[in-house]
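Descriptive analysis of the structure
If you want the building blocks of each chain, they are given just below.
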Amino acid sequence: MRRATTVTALIAAAGLMTACGGGSGDGDEKERAGGSTAASSSEASSGASSEGEDKTYEVTLEVGGAGKSSVYYTLGTNSTEQVTLPWKKTDEMTLNSTERKVGITVSVVPGSVKLSSGQLGAAPCSITVDGKKVVEDQGGAEGKHLCEYTIH
């Protein structure tokens, strides 16, 4: 059992090293990021910095609505907060060249709010990177509502 665990860990480590160093730059990052088109888009990462330099992004997470709700978000670290809506959190994220190759995902999952219909549903959310809105979800009672984006 111990040997199988060690072998599995070595294989996983080798796979991670290959993923971090591999890729031809022709869209492999988008395929590895998975998710929706908005989540895998790299439009917000265009800039003058060269591939080997760190790049800083200003990221804003927003949740609309009224009242109090819980908000779960990933912005460098994972956090959960009880907030008064509307809510906004802005932070700077600096990615090194390896992080930019693989991408770092930021996300916000809004809690439930009372909708105009009287039902409970997800609050609307959005993500803005360097002043450009890259993801928006209108919220509502149906479906899985979250905002997620991979920065490259």
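You'll find the structure just up there.
Residue positions are given per chain, counted from 1 along the sequence in the order it is written. For this predicted model, a pLDDT threshold of at least 70 governs which residues receive local features, and a threshold of 80 or more governs which side-chain atom pairs are given and counted, while totals over whole chains, interfaces and linings are taken from all residues. Note that water and hydrogens are dropped before the side-chain values are worked out from all heavy atoms of the structure.

Considerations on unusual backbone geometry
Counted only if it meets this: The helix and strand labels rest on DSSP assignments: H or I over at least four residues marks a helix, E over at least two residues marks a strand, and numbering proceeds from the N terminus.
Residue Pro86 follows Leu85 across a cis peptide bond; omega there is -5°. Mapped onto the secondary structure, Pro86 falls in strand S2 (residues 78-95).

Remarks on the pairing of strand S3 (residues 104-110)
The cut-off we apply is this: Pairing between strands is defined by DSSP: at least two bridges between them are needed.
Where strand S1 (residues 55-74) meets S3, four bridges bridge the pair, whose relative direction is antiparallel. Along S3, the bridge assignment pairs Tyr73 with Val108.

Observations regarding a negative patch on the surface
As a reminder, the rule being used: Exposure above 30% relative accessible area and no salt bridge define the residues that can form patches, which grow by joining like charges within 9 Å and nonpolar side chains of Val, Leu, Ile, Met, Phe, Trp and Tyr within 5 Å. Under the convention used here, a 1.4 Å probe and the Shrake-Rupley method define accessible areas, while residue burial counts only the protein chains that appear. Whenever Lys or Arg places a side-chain nitrogen within 4 Å of a carboxyl oxygen from Asp or Glu, that contact is recorded as a salt bridge. As used throughout, the charge tally considers Lys and Arg to be positive and Asp and Glu to be negative, leaving His and the chain termini uncounted. Charge coordinates come from a single atom per side chain, which is NZ of Lys, CZ of Arg, CG of Asp or CD of Glu.
On the surface, Glu58, Asp91, Glu92 and Asp130 cluster together into a negatively charged patch. Examined against the element boundaries, Glu58 turns out to sit in strand S1.

A closer look at the pattern of salt bridges
Any two side chains of opposite charge can pair, given that their charged atoms come close. Applying the stated criterion across every chain, the model contains one salt bridge. The salt bridge partner of Lys133 is Glu136, with a shortest N-O separation of 3.9 Å.

Quick look at the packing of aromatic side chains
Convention followed: For this analysis, a ring pair means two rings from Phe, Tyr or Trp (six-membered ring only for Trp) whose centres lie within 6.5 Å, classed as stacked if their planes differ by under 30 degrees, edge-to-face if by over 60, and tilted for the remaining angles. Note on exposure labels: buried denotes an accessible area under 20% of the residue type's maximum, exposed denotes more than 50%, and partly exposed covers the range between, all computed with a 1.4 Å probe on protein chains only. In this analysis the charged atom, NZ for Lys or CZ for Arg, is taken to sit over a ring once it is within 6 Å of the ring centre and within 35 degrees of the ring normal.
The final tally for this structure, using the stated rule, is one aromatic pair. Relative to Trp87, the ring of Tyr73 lies with its centre 5.4 Å away and its plane at 40°, an arrangement referred to as tilted. Here Trp87 lies in strand S2 and Tyr73 lies in strand S1, a separation of 14 residues in the sequence. Each member of the pair, Tyr73 as well as Trp87, carries the same accessibility label: buried. Sitting over the ring of Tyr57, Lys55 keeps its end group 4.9 Å from the ring centre.

As for the environment of Val106
The criterion, for reference: Any pair of residues with heavy atoms lying within 4.5 Å of one another is described as a contacting pair.
Looking at the element boundaries, Val106 is found in strand S3. Spatially, the C-alpha atom of Val106 lies 8.5 Å from that of Val59, the residues being 47 residues apart in sequence. Once residues within four sequence positions are removed from consideration, Val106 is found in contact with Val59, Thr74, Leu75, Met93, Ile127, Cys147, Glu148, Tyr149 and Ile151.

Read these as layout, nothing more, since geometry by itself doesn't imply function.
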